[in-house]
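So the chains spell out like this:
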Amino acid sequence: LEAATQIPGVRLTGLPRDSDRVVVENQDQGDAVPTSGAAPVSLADEAPFLLTSVESLADLNARLKARGKAAVDMQRFRPNIVVGGLLPWEEDTIKRLAIDGVEFHAWQRC
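Here goes a summary of the coordinates provided. Remember, predicted model here, so these are calculated numbers, not experimental data.

The secondary structure content of the protein chain amounts to 2 helices and 4 strands. Each helix and strand of the protein chain, placed in order from N terminus to C terminus, yields the pattern α-β-α-β-β-β. By the burial criterion, 23% of the 110 residues in the protein chain qualify as buried. Excluding contacts between residues fewer than 6 apart, the proportion of contacts in the protein chain whose partners are at least 24 apart in sequence is 54%.

Structural data, given as structure tokens:
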């Protein structure tokens, strides 16, 4: 795995097949989970993936700088999907996203 990723000490981890963690709907946002059954979650906190944008990070860092705080990098948020070319926080309005023919349903915002 180290050779493939070129990351020293990298490890692969997972949950047992009988793990029963599922997506939890955030009632404050009013978006239903886009599936008729339980949506499984593995190592994520709340949803199967985190979508964010480089523009939102830039906006956040501008706000931090204005308050005399240090900038943060994207790794701090551990996103699975990072997009560009949007307005800051516009990714919060995306409901569906297709990447190489694979469709992702987004329904909750952090």
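Judged by nonpolar contacts, F49, L51, I81, V83, I94, L97 and A106 together constitute the single largest core of 7 residues. Once residues within four sequence positions are removed from consideration, I94 is found in contact with L51, L86 and A106.

In this structure, strand β3 (residues 96-99) lies alongside strand β4 (residues 102-105), joined through 4 bridges in antiparallel fashion. For A98, the partnering residue across the bridge sits in β4 and is E103. Linking two consecutive strands that pair antiparallel, namely β3 and β4, is a turn of 2 residues; a positive phi of about 50 degrees is found at D100 within it.

By the element assignment, T52 lies in strand β1 (residues 51-53). Overall, the relative accessible area of 13% leaves T52 in the buried class. Side chain to side chain, T52 and E91 meet in a polar contact 3.5 Å long.

A word on unusual backbone geometry. Phi is positive for Q6, close to 60 degrees, though the residue is something other than glycine. With respect to the helices and strands, the residue Q6 is situated in the loop between α1 (2-5) and β1.

Structurally, the position occupied by S53 is in strand β1. Residue S53 is classed as buried on the basis of its relative accessible area of 0%. Those residues within four positions of S53 in sequence are excluded, and the remaining contacts are M74, V82, V83, L86, L87 and E91.

Topologically, T93 is positioned in the loop between β2 (81-83) and β3. Spatially, the C-alpha atoms of T93 and A106 are 8.8 Å apart, while their sequence positions differ by 13 residues.

To continue, consider the pattern of salt bridges. Per the counting criterion, the structure on display carries 1 salt bridge. Residue D59 is joined to R63 by a salt bridge in which the shortest nitrogen-to-oxygen separation is 2.7 Å. Of this pair, D59 and R63 both sit in helix α2 (residues 54-66), separated by 4 residues, roughly a single helical turn.

Quick notes on the rules
Residues numbered from 1 in each chain as written. Predicted model: local features only at pLDDT ≥ 70, side-chain atom pairs only at ≥ 80, totals over all residues. Heavy atoms only, no water. Helix = DSSP H or I, 4+ residues; strand = E, 2+ residues; numbered from the N terminus. Buried < 20%, exposed > 50% of the residue type's maximum accessible area, 1.4 Å probe, protein only. Contact = heavy atoms within 4.5 Å. Core = buried A, V, L, I, M, F, W, Y, C linked by side-chain atoms within 4.5 Å. Pairing = 2+ DSSP bridges. Polar contact = N/O pair within 3.5 Å; in protein donor to acceptor, adjacent residues only side chain to side chain. Salt bridge = Lys/Arg side-chain N within 4 Å of Asp/Glu carboxyl O.

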